[in-house]
Each structure stands twice: as structure tokens, then as C-alpha cells.
Amino acid sequence: MSDNALDPDDFASSIVDQIESFILSVREVAKGDDPDSAVPYLLLEVSQLLLAGGRLGAHEDIVPEERYEPDLGPEPDTDELRERLAVLLEPIDVYSEVFDPYVPRSTPVACRISDDLADVVTDLTHGLAHFRSGRITEALWWWQFSYLSNWGPTASASLRALQSLVAHVRLDSPLDALDGLDTDAGADDDRLADEAGRVMAAEIAKPLGLRPAK
């Protein structure tokens, strides 16, 4: 059965379950109680969230019952979440992303996983406020609209960064540049590659619970 044929309340319930699970999980990771599993766990959670996003994107256009979106008051403050994630992910928080893959010769821009995840939580929490107030269609409309316009691309970008990080470590493929890596002009390339691998293992793999491929 396609999502288009689902009862709206059943569809909304399945979407909200995934959204609530994601928000709770990201907040738990941000506490820093288990830094060894942070990156793999975030990779899993973002992947699962994007399944909900894919269902929203594939669904027919959801039309809210009211012409104008009801005022929800101030947006939730995610600054503390953002800061906690930035500290936790400091060695690999910044990554490079192309804003729109269909724009020819797009220039990569610098992004932060911590910013991405906090922004996604903000969008999702906005929809939850509608859902918890009984405005189910409004919540679905918001999640679908913001999936297409903001949190979908943002979560997808952070997923690529997280997946790339795991791949770099487990495939023993050192990152090109890391803080503390000695790149003196006269250094031997093979030695630099070996040093890059050691820096990655020390600064990224071990603290974040990743293990290189055997």
C-alpha cells in the first residue's frame, strides 16, 4: 500500500514516532555520556530520519486546513544543543558541501554537522508543536514543506559527512588535512600519508568509537 492510500492519522503517527525518536536520540548523544559511539549512532539516526523524510517527499501535496499557519510563539532554543554537539564533534564538525548538485560548477561551502543537526531539530520541533496541539494536517504540511525546503537537504548533507567520516576511518583512507598534521614542504608524501593516518586514529577514530578496517 502506498503512503497516498494510508489513513492520515496512521501516516502522521508513524512519521511523528520517527521524528520524536530522532530528537530524543540527538539530545542524548549531545550529552556526551558515550562519545565513543557518537558518530556511528548519529549516522544511524539521521539515516532513519531521512526514511520519514522520503515518505513525506513521495506523498502527494499535503494541504493544511487553515489558510495561515497558527502562531506557535517563539521557536525553541537549540543553542545549547548546537554547542554541545560542536564540542563533541570538534575534530570533524566542519565539512564541505555543495548547496545544490544540479547547479553547474557549484562552489563548495563550509558547513558544520552541529549546526545541521540543531537546525533539523528546530524544524522538526516546530511541526511537533502543531501535532501536539491536535493540528495533524498542519504538522504534516509543515514537515513535508520543510523537508523539501530545509531539513531534508540539511539532514542529507550531514548524512554524507557522517558516512564519509566512517568510510575514511574504516577503509583506512586518511583525511587530506587535520589540525596538528605536519605538512612541511619538503616532507615525503608516503610519510605524510602515514602521519595523517596516525593523526586520524588519535584525534577522530578512537575518541569517536570508530575502528579502521582490518
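Everything below is about the structure printed above this text.
Below you will find a few notes about this structure. (Residues numbered from 1 in each chain as written. Predicted model: local features only at pLDDT ≥ 70, side-chain atom pairs only at ≥ 80, totals over all residues. Heavy atoms only, no water.)

1. Observations regarding helix α3 (residues 79–88)
The criterion, for reference: For each residue, the accessible area found with a 1.4 Å probe, counting protein chains only, is set against the maximum for its type, and the residue is called buried under 20%, exposed over 50%, and partly exposed in between. Secondary structure follows DSSP: runs of H or I at least 4 residues long count as helices, runs of E at least 2 residues long count as strands, and numbering of each begins at the N terminus. This arc corresponds to the set of directions leading from the helix axis out to the C-beta atoms.
Listed as buried for α3 are Leu81, Leu85 and Leu88. Across the axial projection of α3, the buried residues extend over an arc of 60 degrees, all falling on one side. In α3, the exposed positions that point more than 90 degrees away from the buried face belong to Glu80, Glu83 and Val87.

2. Some words on the packing of helix α4 (residues 113–132) against helix α5 (residues 136–170)
Threshold: A fitted line through C-alpha atoms serves as each axis, taken over the contacting stretch for helices, and the angle formed by two N-to-C directions is quoted from 0 to 180°. Roughly parallel refers to an angle under 35 degrees, roughly antiparallel to one over 145, roughly perpendicular to one between 65 and 115, and oblique to any angle outside these ranges. Crossing handedness is read from the near helix: turned anticlockwise from the far helix by less than a right angle, it gives a left-handed crossing, and turned clockwise, a right-handed one. Residue type decides the class: Asp, Glu, Lys and Arg count as charged, Ala, Val, Leu, Ile, Met, Phe, Trp, Tyr, Cys and Pro as nonpolar, and the leftover types, Gly among them, as polar.
Where α4 meets α5, the closest approach of the two axes is 9 Å, and the angle between their N-to-C directions is 165 degrees. On the basis of their axis angle, the class for α4 and α5 is roughly antiparallel. For α4 against α5, the interelement crossing comes out left-handed. Taken together, the residues of the contact of α4 with α5 sort by class into 14 nonpolar, seven polar and three charged.

3. Looking at the packing of helix α2 (residues 38–58) against α5
Across the interface, α2 lies against α5 with an axial gap of 8 Å and an inter-helix angle of 145 degrees. Handedness of the crossing formed by α2 with α5: left-handed.

4. Description of the side chain of serine 146
Operational definition: Contacts between residues were defined by any pair of non-hydrogen atoms, one from each residue, lying within 4.5 Å.
In this fold, serine 146 is placed in helix α5. Residue contacts for serine 146: discarding those within four places in its chain leaves Asp123, Trp151 and Gly152.

5. Observations regarding the pattern of salt bridges
Keep this limit in mind: The salt bridge definition used is simple: a Lys or Arg side-chain nitrogen within 4 Å of an Asp or Glu carboxyl oxygen.
Under the counting rule described, the total for this entry stands at seven salt bridges. Of the charged contacts, one joins arginine 132 and glutamate 20 as a salt bridge, the two residues approaching to 3.1 Å between their closest N and O atoms. Here arginine 132, found in helix α4, pairs with glutamate 20, found in helix α1 (residues 8–30); they are 112 residues apart in sequence, far enough to count as distant. For arginine 132, a relative accessible area of 58% translates into the label exposed. Note that arginine 84 and glutamate 80 form a salt bridge whose closest N and O atoms lie 3.2 Å from each other. Note that arginine 84 and glutamate 80 are positioned in helix α3 at a spacing of four residues, about one turn of the helix. The network of salt bridges with shared partners includes Arg82, Asp115 and Asp119.

6. Side note on the environment of glutamate 60
Relative to the elements of secondary structure, glutamate 60 occurs in the loop between α2 and α3. Judged by relative accessible area, which is 47%, glutamate 60 ranks as partly exposed. Taking the C-alpha atoms as reference points, glutamate 60 and glutamine 144, separated by 84 residues in sequence, lie 9.7 Å from one another.

7. Some remarks on the layout of surface pockets
To keep things clear, this is the line we draw: A cavity here means a set of 1 Å grid points, computed over protein atoms only, where a 1.4 Å probe fits but cannot escape. A pocket is an open set with protein on both sides within 12 Å along at least 5 of 7 lines, and lining residues have an atom within 4 Å of a point. Grid points are joined across faces, edges and corners, and a volume is the space filled by probe spheres set on the points.
Of the volumes computed, that of the second largest pocket is approximately 330 Å³. Forming the boundary of the second largest pocket are 17 residues, of which Glu97, Phe99, Pro153, Thr154 and Ala157 lie nearest the centre. Only β1 (94–97), β2 (109–112), α4 and α5 provide two or more residues apiece to the lining of the second largest pocket. Among the elements that take part in the lining of the second largest pocket, α5 stands out by supplying seven residues, more than any other. Its residues placed into classes, the lining of the second largest pocket shows eight nonpolar, four polar and five charged.

8. Re the pairing of β1
Cut-off, in case you're wondering: Pairing between two strands is assigned when DSSP locates at least 2 bridges connecting them.
The alternating pattern of β1 places Tyr95 and Glu97 on a buried face and Val94 and Ser96 on a face that is not buried. As paired elements, β1 and β2 share four bridges and run antiparallel to each other. Opposite serine 96, over in β2, you have alanine 110 as the bridge partner.

9. Focus: the nonpolar core
Threshold: The criterion is simple. A nonpolar core is a set of buried Ala, Val, Leu, Ile, Met, Phe, Trp, Tyr and Cys residues joined through side-chain atoms within 4.5 Å.
Counting 46 residues, the largest nonpolar core has Ile19, Phe22, Ile113, Leu124, Trp143 and Trp151 as the members making the most contacts within it. For this core, the leading source of residues is α5, giving 13 residues. Beyond its immediate chain neighbours, meaning those up to four positions away, phenylalanine 22 contacts Glu45, Val46, Leu49, Leu117, Val120, Val121 and Leu124.

10. Describing α2
This is how the line gets drawn: To estimate how far a helix should reach, multiply one less than its number of residues by 1.5 Å.
Between its first and last C-alpha atoms α2 spans 30 Å; for 21 residues at 1.5 Å apiece the expected length is 30 Å, and the two agree. Listing the buried residues of α2 in full gives Ala38, Val39, Leu42, Glu45, Val46, Leu49, Leu50, Ala52, Gly53, Arg55 and Leu56.

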